[in-house]
Amino acid sequence: MRAPAPATPASAPGEAAPVASADAAALLALGDWRGLIRALGLGGLVRELAQHCEWVECGDGVLQLRLSTAHRHLLDMNRGAVERLQDLLGAALGRTLAVRIAIGDIAGETPAQRDAIERQARHAEAVAALEADPFVRELIERFDATLVESTVRPL
């Protein structure tokens, strides 16, 4: 007796799992660029480029993004990354969506900036938890130890 085939096709190693068209469309409609990047499972240079882009607007079949001058090299290194991003978005949405990336000042927040803020917050929470731990406090007091904050890694 054979085992039943999985309901959804498995992705090859290093390849993103397929995104449901409705999920991608919902994230796009909400303007959730960070969520859309995660849902697409982007990797490599395409992910780096997308992470450093700010959502500007989406309409008439065109997604407008803005990349800061400081990260322009991500676009200059591989112009094919925009086409790859466009192809992945189109496949996830089930329709064509042009991607346009302008270089300029970031007015809001990029997904990379949001991720950095969240990492810093998790780090601060981990440091505070260690400083409040009775065992750690006893080590500090008894042995004149110090907590090296740069070595703390949140779980």
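Look up: the structure comes first, before these words.
Every value quoted in this text rests on a predicted model; they were computed, and no experiment measured them.

Student: Teacher, can you tell me more about the overall build of the protein chain here?
Tutor: Scanning the protein chain from N- to C-terminus turns up seven helices and three strands. When the helices and strands of the protein chain are listed from N to C terminus, the series reads α-α-α-β-β-α-α-β-α-α. The proportion of buried residues among the 155 residues of the protein chain is 28%. For the protein chain, the computed accessible surface area is about 10,100 Å², with 53% contributed by carbon and sulfur atoms.

Student: When you look at the pairing of strand β1 (residues 53-59) in this model, what are you seeing that I'm missing?
Tutor: Two faces make up the sheet, and in a regular strand the side chains alternate between them. In terms of strand pairing, β1 meets strand β2 (residues 62-67) through six bridges, oriented antiparallel. Looking at the pairing, G59 lines up with V62 of β2. Linking β1 back to β2 in an antiparallel pair, the connection comprises two residues, with D60 at a positive phi of about 55°.

Student: Explanation requested: the packing of helix α2 (residues 33-40) against helix α6 (residues 111-132) in the structure shown.
Tutor: To characterise two packed helices, one gives the angle between the axes of the helices and the distance between these axes. The interhelical angle for the contact between α2 and α6, taken along N-to-C directions, is 90°, at an axis separation of 9 Å. In terms of orientation, α2 lies roughly perpendicular with respect to α6. Every residue of α6 that contacts α2 at W33, R34, I37 and R38 is listed here: P111, R114, D115 and E118. The class makeup of the residues in the contact of α2 with α6 is three nonpolar, no polar and five charged.

Student: Just to check I follow, could you spell out the sheet that holds strand β3 (residues 98-103) for this structure?
Tutor: Strand pairing in a sheet is mediated by backbone hydrogen bonds. Such pairs are either parallel or antiparallel. Ordered by their spatial adjacency, three strands build an open sheet running β1-β2-β3, and the pairing between neighbours is mixed. Two strands in the sheet have a free side with no partner beyond their single neighbour: β1 and β3. This sheet shows a mean twist of 25° between the axes of neighbouring strands, independent of strand direction. Contacts from helix α5 (residues 80-93) reach β2 and β3, with the element oriented near 140° to β3.

Student: How should the pairing of β2 be read in this particular structure?
Tutor: Burial along β2 is one-sided: L63, L65 and L67 are buried, and none of V62, Q64 and R66, which face the opposite way, are. When β2 meets β3, the two strands line up parallel, connected through six bridges. Looking at β3, one finds that Q64 is bridged to R100.

Student: What exactly am I supposed to notice about the pattern of salt bridges here?
Tutor: A side chain with one charge can pair with a side chain of the opposite charge if their charged atoms come near. In this structure the tally under the stated criterion is ten salt bridges. Put simply, R66 and E54 hold a salt bridge, and the shortest N to O gap is 2.8 Å. Here E54 lies in strand β1 and R66 lies in strand β2, a separation of twelve residues in the sequence. One salt bridge in this structure joins R137 and E141, with 3.7 Å as the shortest N-O distance. In this pair, R137 and E141 both sit in helix α7 (residues 134-143), four residues apart, roughly one turn of the helix. According to the relative accessible area criterion, E141 is exposed, its value standing at 59%. What you see here is one network of salt bridges that share partners, running through R34, R38, D115 and E118.

Reading the values: rules and limits
- Residues numbered from 1 in each chain as written.
- Predicted model: local features only at pLDDT ≥ 70, side-chain atom pairs only at ≥ 80, totals over all residues.
- Heavy atoms only, no water.
- Helix = DSSP H or I, 4+ residues; strand = E, 2+ residues; numbered from the N terminus.
- Buried < 20%, exposed > 50% of the residue type's maximum accessible area, 1.4 Å probe, protein only.
- Areas by Shrake-Rupley, 256 points an atom, 1.4 Å probe, with all protein chains shown as cover.
- Pairing = 2+ DSSP bridges.
- Axes fitted to C-alpha atoms, helices over the stretch in contact; angles between N-to-C directions.
- Parallel < 35°, antiparallel > 145°, perpendicular 65-115°, else oblique.
- Contact = heavy atoms within 4.5 Å.
- Nonpolar A, V, L, I, M, F, W, Y, C, P; charged D, E, K, R; others polar.
- Salt bridge = Lys/Arg side-chain N within 4 Å of Asp/Glu carboxyl O.

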